[in-house]
Amino acid sequence: DKIWISPKCSHCIQALNGKFKGHIMKPLDPFHIDLEKTTLIEASAGTGKTYTIATLYCRLVAKGYALESILVVTFTEAAAAELKLRIRRRLFDTLENLQNPSLDHTDDLVDFFKQKQDLSKICKRLKLALISFDQAAIMTIHSFCLKVLKENAFESQSYFDIELVPDRSLFLRQVCYDFFMGHVNNQDSLFLSYLAQRQITPEHFAQIFGSLVSRSNLVILPQDSGVLNIFDTYRETIKKIQDILFTKPQEVIDLIGNHTGIDKRSYSKKNVPAWLKASREKIEETGLNTLFKMTEKGDALFKFVQSRIAQKTKSGAQPPDHELFNLCEQLLCLYTQFEKNLIHLKIEFLDFFNTELEKIKKANGICFFDDLVNDLAKALEGDGEYDQGKPNSHYLKKAVRQKYTTCLIDEFQDTDPRQYDIFSTLFSCPGTPFFMIGDPKQAIYAFRGGDIFAYLKASKECEQKYTLEKNYRSAPLLVKGINEIFSNTKNPFLFEAIEFSNVKTPETAINYFFENENPIAPLQFCFIKREDHLTDRQGLIKKDTAAAIIPKAVAIDIVSLLNSDKCLMDKESKRMSKISP
């Protein structure tokens, strides 16, 4: 009784069937890696992902790749700004240490470059990259898609002056109202009552479909629910039920009351007459257009459905039989068809929305964030020949590859299948540096289409795979605790292809919290006592209650630790780290 929407992704099905197997990850040596291959780098939290990206970027510059040809993409404007800052700093520090041998440094990249015979050429390239750093192609995925579409308008069949509209909520709301005006308000009054009962409004459609509309890679199940005009039949059934409720109520009461097999705790002498009376009064109020909610927690008439009465009859006993029960069973089937008609309406709305979206885009030369990815992915599809107004994918690919000769994707685990299709189409070519850096254990953007199966597909298709094995952020005991928890669990992340690799810490890593000269375990389980808190029927703390308790408990614990003598931090760090309760 639901409309199911899922990514159209064959490798998702393969993964669910167990066809993705675990992959062997080798520790990454960024100085001896083959740069000109399709490479997947798995980077757990704190293992120096951004540092590694900056290292690879410097190596590509030193190898002779023009700064403006090295494409680096990530997911948010803030992340792109951070990458720009870190990469520029790495270029500057590396060049400064190469040009001033007297400076003390601990950067392996500098030592690596010093061993090269063409060191002077490397320095010139690094210096040129710094001078022209404003031309660096470090941006979000959507910014990249918009840039490609605008700069290659002929090949992609886009507008030269295409305008990105970040907020499409007003448009979505307007389309929902248009759909209701043209496709809903003229429906049968019974169906309109059902929609009102289900609280189906334009605002409701805008809310539930807001993240799904305009995504072209979706499969809708069922494809056609089969809309039926059952309203006259429904009214005829109500008329027959009305006659019984008005002329034969006592007959039903006596039948159930005298039946020895039916559950009398439910069908008691008090309940049955009350249910019949409530049903009769509802019909008296609205007549043959009365809409009964035929669910367990709905209207009282549901209690007289034949299948429901059979469930409440003792095993081995024959359930009571009456025309009212059969009519109620028929009413339940008709009510179920209302839900199927609603599903059909939802499917119809998705088609309507996408059609209206294309109209407004063409009329106003605008696009939305999702459209950027969809339009570019669509433009890159095809056989490469210009035919009947379709994008010329051959020349589009050629133009993009001439501009960007290498690509690095940050936070790759959050890409969706369409995004991966774009970058794999453009950069999965022999001799092209193409790096995908991410961690499937940190995938958090499913709500906007991020798909872990795109990561698994890339893992299967890439030429070389590496992992970052050292955590530079956390204390050794914390890393050890995490390793013990996840390494002792088979398939801790449900899919065999998402493995847990033990992470190490560098020799310089230390534990910060001590008590009586003994380190405090940084990974601890905190149990919230149930006393004095609201609990559910099972005696468990309610979710809303826990959501209010836990953050406060964690904050208090952090403050107490930072303000205690257990924390091995210098006075300045301790002062900067204090948190007001």
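A.B. asks: Would you mind going over the overall build of the protein with me for this structure?
C.D. replies: Helices and strands together make up the secondary structure of the protein, namely 22 helices and 13 strands. Burial status across the protein gives 44% buried among its 581 residues.

A.B. asks: In this structure, what is going on with the nonpolar core? I would like to understand it.
C.D. replies: Across soluble globular proteins, nonpolar side chains show a tendency to be buried alongside one another. In this structure, Tyr234, Ile241, Phe304, Leu324 and Phe338 are the most contacted members of the largest nonpolar core, which totals 59 residues. It is helix 15 (residues 323-364) that contributes the most residues to this core, 16 residues altogether. Excluding residues within four positions of it along the chain, isoleucine 241 makes contact with Ile283, Leu301, Leu324, Leu327, Cys328 and Leu331. In this structure, Leu71, Phe144, Ala379 and Phe423 belong to the second largest nonpolar core, which totals 43 residues.

A.B. asks: Could you clarify how one ought to interpret the side chain of histidine 322 in this entry?
C.D. replies: Relative to the helices and strands, histidine 322 is located in the loop between helix 14 (306-311) and helix 15. Within the structure, histidine 322 has its side chain in polar contact with the backbone nitrogen of leucine 324 (distance 3.0 Å). Aside from chain neighbours lying at most four places away, what touches histidine 322 is Ile244, Glu251, Val252, Leu255 and Gln306.

A.B. asks: Please explain the sheet that holds strand 11 (residues 464-468) as it appears in this structure.
C.D. replies: Strands in a sheet are paired, the pairing made by backbone hydrogen bonds, and the direction either parallel or antiparallel. Read from one edge of the open sheet, seven strands run 2-11-3-10-9-4-5, paired in parallel fashion. Each edge of the open sheet carries a strand with a single partner, namely strand 2 (26-27) and strand 5 (137-140). Note: strand 4 (residues 70-74) against strand 9 (residues 406-409), four bridges, orientation parallel. Bridge pairing in strand 9 places valine 73 opposite isoleucine 409. Contacts from helix 3 (residues 77-99) reach strand 4 and strand 5 within the one sheet, and its direction differs from that of strand 5 by about 160°.

A.B. asks: Explain the environment of lysine 248 here, please?
C.D. replies: Tracing the chain through its elements places lysine 248 in the loop between helix 11 (231-247) and helix 12 (249-258). Classification of lysine 248 by relative accessible area gives partly exposed; the value is 35%. Between the alpha carbons of lysine 248 and leucine 324 there is a distance of 9.6 Å; along the sequence they are 76 residues apart.

A.B. asks: Is there a simple way to think about the environment of leucine 426 in this case?
C.D. replies: In this fold, leucine 426 is placed in helix 18 (residues 417-427). With 25 residues separating them along the chain, leucine 426 and arginine 401 place their C-alpha atoms 6.8 Å apart. Not counting the four nearest positions on each side in its chain, leucine 426 is found in contact with Phe144, Leu380, Lys397, Val400 and Arg401.

A.B. asks: What is the right way to look at the pairing of strand 10 (residues 434-438) in this model?
C.D. replies: Each regular strand displays side chains that alternate between the two surfaces of the sheet. For strand 10, the tally of buried residues reaches five of five residues, placing the bulk of the element in the interior. Neither face of strand 10 is exposed, since Phe434, Met436 and Gly438 on one face and Phe435 and Ile437 on the opposite face are all buried. One ladder, built from five bridges, connects strand 3 (residues 38-43) with strand 10; its direction is parallel. Paired with glutamate 42 across the strands is glycine 438, a residue of strand 10. Here strand 9 runs beside strand 10; their pairing, made up of three bridges, is parallel. If you follow leucine 408 over to strand 10, its bridge partner there is phenylalanine 435. Assessed by its sense of winding, the connection that carries the chain from strand 9 through helix 18 to strand 10 is right-handed.

A.B. asks: Before we go on, may I ask you to explain helix 20 (residues 476-487) in this structure?
C.D. replies: In an α-helix, one full turn covers 3.6 residues, which means residues spaced three or four apart are oriented alike. Between its first and last C-alpha, helix 20 extends 16 Å over twelve residues, near the 16 Å set by a 1.5 Å rise per residue. Along helix 20, the residues classified as buried are Val479, Gly481 and Asn483.

A.B. asks: I'm lost on a nonpolar patch on the surface in this one. Help?
C.D. replies: On the surface, Ile528, Ile550, Val554 and Ile558 cluster together to form a nonpolar patch covering roughly 290 Å² of accessible area. Mapped onto the elements, isoleucine 550 comes out in helix 21 (residues 543-562).

A.B. asks: Can you help me understand the packing of helix 16 (residues 369-380) against helix 18 in this one?
C.D. replies: Two elements in contact, helix 16 and helix 18, have axes whose closest approach is 9 Å; the angle formed by their N-to-C orientations is 40°. As judged from the angle between their axes, helix 16 and helix 18 are oblique. As helix 16 packs across helix 18, the resulting crossing turns out to be left-handed. Taken together, the residues of helix 18 that come into contact with helix 16 (itself represented by Val373, Asn374, Leu376, Ala377, Lys378 and Leu380) are Arg418, Gln419, Ile422, Thr425 and Leu426. Of the residues that constitute the contact of helix 16 with helix 18, the class distribution is six nonpolar, three polar and two charged.

A.B. asks: Please clarify how unusual backbone geometry should be interpreted in this entry.
C.D. replies: In terms of backbone geometry, most residues other than glycine have negative phi values and most peptide bonds are trans. Backbone geometry places glutamate 411, a non-glycine residue, at a positive phi of 55°. Tracing the backbone through its elements, the reader meets glutamate 411 in the loop between strand 9 and helix 18. A positive phi angle, close to 65°, is found at glutamate 517, a residue other than glycine. Topologically, glutamate 517 is positioned in the loop between strand 12 (514-515) and strand 13 (518-519).

A.B. asks: Looking at this model, I keep getting lost on the packing of helix 9 (residues 189-197) against helix 11. Mind explaining?
C.D. replies: Each pair of packed helices gets described by two things: the angle between the helix axes and the distance between those axes. Interaxial distance between helix 9 and helix 11 falls to 9 Å at its minimum, and their mutual angle equals 85°. Classified by the interaxial angle, the pair formed by helix 9 and helix 11 is roughly perpendicular. Residue-level inspection shows Ser189, Leu190 and Phe191 of helix 9 in contact with helix 11, the latter providing Phe231, Tyr234 and Arg235. Of the residues belonging to the contact of helix 9 with helix 11, the class tally is four nonpolar, one polar and one charged.

A.B. asks: Looking at this structure, how should I read the pairing of strand 3?
C.D. replies: Most of strand 3 sits out of view: six of its six residues are buried. Here strand 3 shows no split at all, with Thr38, Leu40 and Glu42 on one side and Thr39, Ile41 and Ala43 on the other all buried. Direction of pairing for strand 3 relative to strand 11: parallel, over a ladder of five bridges. In the strand pairing of strand 11, glutamate 42 is matched with threonine 467.

A.B. asks: Explanation requested: the pattern of salt bridges in the structure shown.
C.D. replies: A side chain of one charge can pair with a side chain of the opposite charge when the charged atoms of the two come close. If you walk through the whole model with that rule in mind, you get 22 salt bridges. The shortest N-O distance in the salt bridge between aspartate 243 and lysine 239 comes to 3.0 Å. On the criterion of helical spacing, the pair formed by aspartate 243 and lysine 239 is a turn pair, its members being four residues apart in helix 11. Judged by relative accessible area, aspartate 243 falls into the partly exposed class, the value being 35%.

A.B. asks: Help me out: how do you make sense of the confidence of the model for the protein in this one?
C.D. replies: Do not read the fine detail of predicted coordinates wherever pLDDT is low. In the predicted model, the protein carries a mean pLDDT of 86, and the fraction of residues at 70 or more is 89%. Note on residues 1-22: pLDDT under 50 across the span, and 54 contacts to partners over four residues away in sequence or across chains. Every residue in residues 570-581 scores below 50 in pLDDT, and together they form eleven contacts with partners more than four places removed in sequence or on other chains.

Reading the values: rules and limits
- Residues numbered from 1 in each chain as written.
- Predicted model: local features only at pLDDT ≥ 70, side-chain atom pairs only at ≥ 80, totals over all residues.
- Heavy atoms only, no water.
- Helix = DSSP H or I, 4+ residues; strand = E, 2+ residues; numbered from the N terminus.
- Buried < 20%, exposed > 50% of the residue type's maximum accessible area, 1.4 Å probe, protein only.
- Core = buried A, V, L, I, M, F, W, Y, C linked by side-chain atoms within 4.5 Å.
- Contact = heavy atoms within 4.5 Å.
- Polar contact = N/O pair within 3.5 Å; in protein donor to acceptor, adjacent residues only side chain to side chain.
- Pairing = 2+ DSSP bridges.
- Axes fitted to C-alpha atoms, helices over the stretch in contact; angles between N-to-C directions.
- Right-handed = clockwise from strand over helix to strand, strands pointing away.
- Expected span 1.5 Å × (residues − 1).
- Patch = residues over 30% accessible without salt bridge, like charges linked within 9 Å, V, L, I, M, F, W, Y side chains within 5 Å.
- Areas by Shrake-Rupley, 256 points an atom, 1.4 Å probe, with all protein chains shown as cover.
- Salt bridge = Lys/Arg side-chain N within 4 Å of Asp/Glu carboxyl O.
- Parallel < 35°, antiparallel > 145°, perpendicular 65-115°, else oblique.
- Left-handed = near helix turned anticlockwise from the far one by under 90°.
- Nonpolar A, V, L, I, M, F, W, Y, C, P; charged D, E, K, R; others polar.
- pLDDT = per-residue confidence, 0-100.

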